[in-house]
Amino acid sequence: MMEKKIALIPGDGIGPEIVREARKILDKVCEKFGHSFTYTELLMGGCSIDAYGVPLTDETLEAAKASDSVLLGAVGGNVGNSRWYDVAPNLRPEAGLLAIRKGLGLFANIRPAYLYKELKAACPLREDIIGEGFDMVIMRELTGGLYFGERHTEEVDGVRKATDTLTYDENEIRRIAIKAFEIARKRKGNVISVDKANVLDSSRLWRQVAEEVAKDYPDVTLTHMLVDNCAMQLVMNPGQFDVILTENMFGDILSDEASMITGSIGMLSSASLSETKLGLYEPSHGSAPDIAGKDLANPIATILSAAMMLRYSFDMDKEADAVEAAVSKVLEDGYRTGDIMSEGCTQVGTIQMGDLIAERIESN
Ligand code: IPM
Ligand code: MG
């Protein structure tokens, strides 16, 4: 029996609906495995702007720090037509996300991209490219690089000029590389480190440090790939990837590409980890404001993120397996939300999908 304090950040758009279903699943896990989870709901993103004028308050950050783990829905609205975007960049919903990543020290972002055999028809790649399918994780550095470097906009002799800086020190590279090798050890033992070492100093250091870390993991193979080539390889031969290790900006771009080729972004979870057990778990997709409140959203990515929380923050492997098995079972039984619907299946809404998964959670 374990007791855990979970901070729930439903956020904006479909966030509240999908987090509600994930909570249903966590409660079911408690019931079946005899644990006790308590929840604190926190505001972040647009809803926090509405309530407090900022996307993340210090109090919210402190409350998140005081919890054992954080489950996030999604933040943000329609960039074109939302009042949340008529303000300075550091006051917009996404700034809350960057601030909580930095504030909680979440330097390691794990984004799995997996082709579900039941959803093969949704994969946009050709059959001969899909082959036996693919199952990779992207280990993205999350609190450094271009996202957090010094930036400014100025006017020099009447010419507008903007600067962003990309800096990494060896400690930042080492700690994310270690995470990548550790996870590779539990998978197929294959790390591909992605960089732009033919141009960037930060990438050349990245490569050196990755090589140094590799010496401690003789059971894992390390290869290097240039980021432009990686973008190409992902759609040419996705089966070759096990763990992709990369810096913040490259990881942002490649993880969207990797999730797209699964054809089911509504299914993909993610975890952001720190040096401690405290992590933040969220679906890889966004807040989908156009379908918010309509019981249409796919809650599976959030439910699988909750499973990652059980595994990585709470060391509850059996419980995480049970949630993942329940999701697979629901797919096998032919239930689909609209985004992954195909002929011959039964279409269900957000709430029913949560119920169907909860019903299938078993403790044996
Ligand atoms: C992501 C998102 C964020 C990022 C945005 C919303 C700031 O694209 O989590 O991938 O770029 O990290
Ligand atoms: Mg992104």
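Coordinates for the structure precede this section.
Residues numbered from 1 in each chain as written. Chains lettered and ligands numbered in written order. Predicted model: local features only at pLDDT ≥ 70, side-chain atom pairs only at ≥ 80, totals over all residues. Heavy atoms only, no water.

Section: the site of ligand 1
Thinking step 1. Around ligand 1 lies a shell formed by Glu 94, Arg 101, Arg 111, Arg 140, Tyr 147 and Asp 252.
Thinking step 2. A distance of 2.7 Å separates an oxygen atom of ligand 1 from a polar atom in the side chain of Arg 101.
Thinking step 3. For ligand 1, an oxygen atom lies 2.9 Å from a polar atom in the side chain of Asp 252.
Thinking step 4. Burial of ligand 1 by the surrounding chains reaches 71%, relative to a free accessible area of 320 Å².
Thinking step 5. Each residue belonging to the shell around ligand 1 can be placed in one class, and the counts come to one nonpolar, no polar and five charged. (Near = heavy atom within 4 Å. Polar contact = N/O pair within 3.5 Å; in protein donor to acceptor, adjacent residues only side chain to side chain. Areas by Shrake-Rupley, 256 points an atom, 1.4 Å probe, with all protein chains shown as cover. Nonpolar A, V, L, I, M, F, W, Y, C, P; charged D, E, K, R; others polar.)

So, the nonpolar core
Thinking step 1. If you look at the biggest cluster of nonpolar residues, it comprises 66 residues, and the most contacted ones within it are Phe 37, Met 139, Phe 181, Leu 310 and Ile 357.
Thinking step 2. Sort the elements by how many residues they give to this core and helix H10 (residues 300–312) lands first, with eight residues.
Thinking step 3. Within the second largest apolar cluster, 21 residues are counted, among which are Ile 192, Val 227, Phe 250 and Leu 254. (Core = buried A, V, L, I, M, F, W, Y, C linked by side-chain atoms within 4.5 Å. Buried < 20%, exposed > 50% of the residue type's maximum accessible area, 1.4 Å probe, protein only. Helix = DSSP H or I, 4+ residues; strand = E, 2+ residues; numbered from the N terminus.)

Focus on unusual backbone geometry
Thinking step 1. For Ala 288, which is not glycine, the phi torsion reads 35° and is therefore positive.
Thinking step 2. In this fold, Ala 288 is placed in the loop between strand S12 (279–283) and H10.
Thinking step 3. Even without a glycine there, the phi angle at Asp 295 is positive, about 60°.
Thinking step 4. For Asp 295, the location among the structural elements is in the loop between S12 and H10.
Thinking step 5. Accessibility expressed as a relative area gives 32% for Asp 295, which makes it partly exposed.

Re helix H9 (residues 248–262)
Thinking step 1. Helix length check: H9, at 15 residues, gives a terminal C-alpha distance of 21 Å against a target of 21 Å (1.5 Å per residue), a fit within 8%.
Thinking step 2. Listed as buried for H9 are Asn 248, Phe 250, Gly 251, Leu 254, Ser 255, Glu 257, Ala 258, Ser 259, Ile 261 and Thr 262.
Thinking step 3. Tucked into the core, H9 has its buried residues touching strand S4 (108–114), strand S5 (135–141), strand S8 (190–195), helix H7 (201–214), helix H8 (227–236) and strand S10 (243–246).
Thinking step 4. Near the N-terminus of H9, the side chain that reaches the backbone nitrogen of Met 249, with its oxygen 3.0 Å away, is that of Glu 247.
Thinking step 5. Count one or two residues on from H9 and you reach Gly 263, which has phi positive near 75°. (Expected span 1.5 Å × (residues − 1). Contact = heavy atoms within 4.5 Å.)

A look at the packing of helix H11 (residues 317–332) against helix H12 (residues 350–359)
The angle between the axes and the distance between the axes are what describe a pair of packed helices.
Thinking step 1. At a minimum axis distance of 8 Å, the contact between H11 and H12 shows a crossing angle of 115°. Between H11 and H12 the crossing geometry is right-handed. Note on element contacts: H12 touches H11 through Met 353, Leu 356 and Ile 357, opposite Ala 326, Val 327 and Val 330.
Thinking step 2. Across the contact of H11 with H12, the residue classes break down as six nonpolar, no polar and no charged. (Axes fitted to C-alpha atoms, helices over the stretch in contact; angles between N-to-C directions. Left-handed = near helix turned anticlockwise from the far one by under 90°.)

A look at the sheet that holds strand S2 (residues 36–41)
Thinking step 1. With respect to topology, ten strands assemble into an open sheet ordered S2-S1-S3-S12-S11-S4-S5-S10-S8-S9, the strand pairing being mixed. The open sheet has two edge strands with one neighbour each: S2 and strand S9 (221–226). For this sheet the average axis-to-axis angle between neighbouring strands, irrespective of direction, equals 25°.
Thinking step 2. Pairing geometry for S8 and S10, over four bridges, is parallel. Counted as the bridge partner of Ser 193 is Leu 245 from S10. (Pairing = 2+ DSSP bridges.)

Section: the pairing of strand S1 (residues 3–11)
Note on strand geometry: in a regular strand, side chains alternate between the two faces of the sheet.
Thinking step 1. Most of S1 is tucked away: seven of the nine residues are buried.
Thinking step 2. Looking at chain direction, S1 and S2 are connected through six bridges and run parallel. Following the sheet pairing, Lys 5 is matched in S2 by Thr 38.
Thinking step 3. The parallel pair S1 and S2, bridged by helix H1 (residues 15–33), forms a crossover whose chirality is right-handed. (Right-handed = clockwise from strand over helix to strand, strands pointing away.)

Some details on the packing of H8 against H9
Thinking step 1. Running from amino to carboxyl end, H8 crosses H9 at an angle of 10°, the nearest separation of the two axes being 10 Å. As the angle between them shows, H8 and H9 are arranged roughly parallel. Contact residues: H8 offers Val 227, Cys 230, Ala 231, Leu 234 and Val 235, while H9 offers Phe 250, Leu 254, Glu 257, Ala 258 and Ile 261.
Thinking step 2. Class assignment of the residues belonging to the contact of H8 with H9 gives a composition of nine nonpolar, no polar and one charged. (Parallel < 35°, antiparallel > 145°, perpendicular 65-115°, else oblique.)

Describing the pairing of S8
Thinking step 1. Counting buried positions along S8 yields five of six residues, so the element is predominantly enclosed.
Thinking step 2. When S8 meets S9, the two strands line up parallel, connected through six bridges. Each residue of the ladder has a partner; that of Ser 193, found in S9, is His 224.
Thinking step 3. In this fold, the crossover linking S8 to S9 by way of H7 has right-handed handedness.

Concerning the packing of aromatic side chains
Two measures describe an aromatic ring pair: the distance that separates the ring centres and the angle between the ring planes.
Thinking step 1. In total, this model carries four aromatic pairs according to the counting rule given.
Thinking step 2. When the centroid spacing of 4.9 Å and the interplanar angle of 90° are considered together, the rings of Tyr 114 and Tyr 116 count as edge-to-face.
Thinking step 3. Cation over ring: Arg 140 sits above Tyr 147, and NZ or CZ is 5.3 Å from the ring centre.
Thinking step 4. The residue whose ring lies beneath Arg 175 is Phe 107, and the NZ or CZ to ring-centre distance is 4.2 Å. (Phe/Tyr/Trp six-rings, centres within 6.5 Å; stacked < 30°, edge-to-face > 60°. Lys NZ or Arg CZ within 6 Å of the ring centre and 35° of its normal.)

Any functional reading would require information that these geometric values do not contain.
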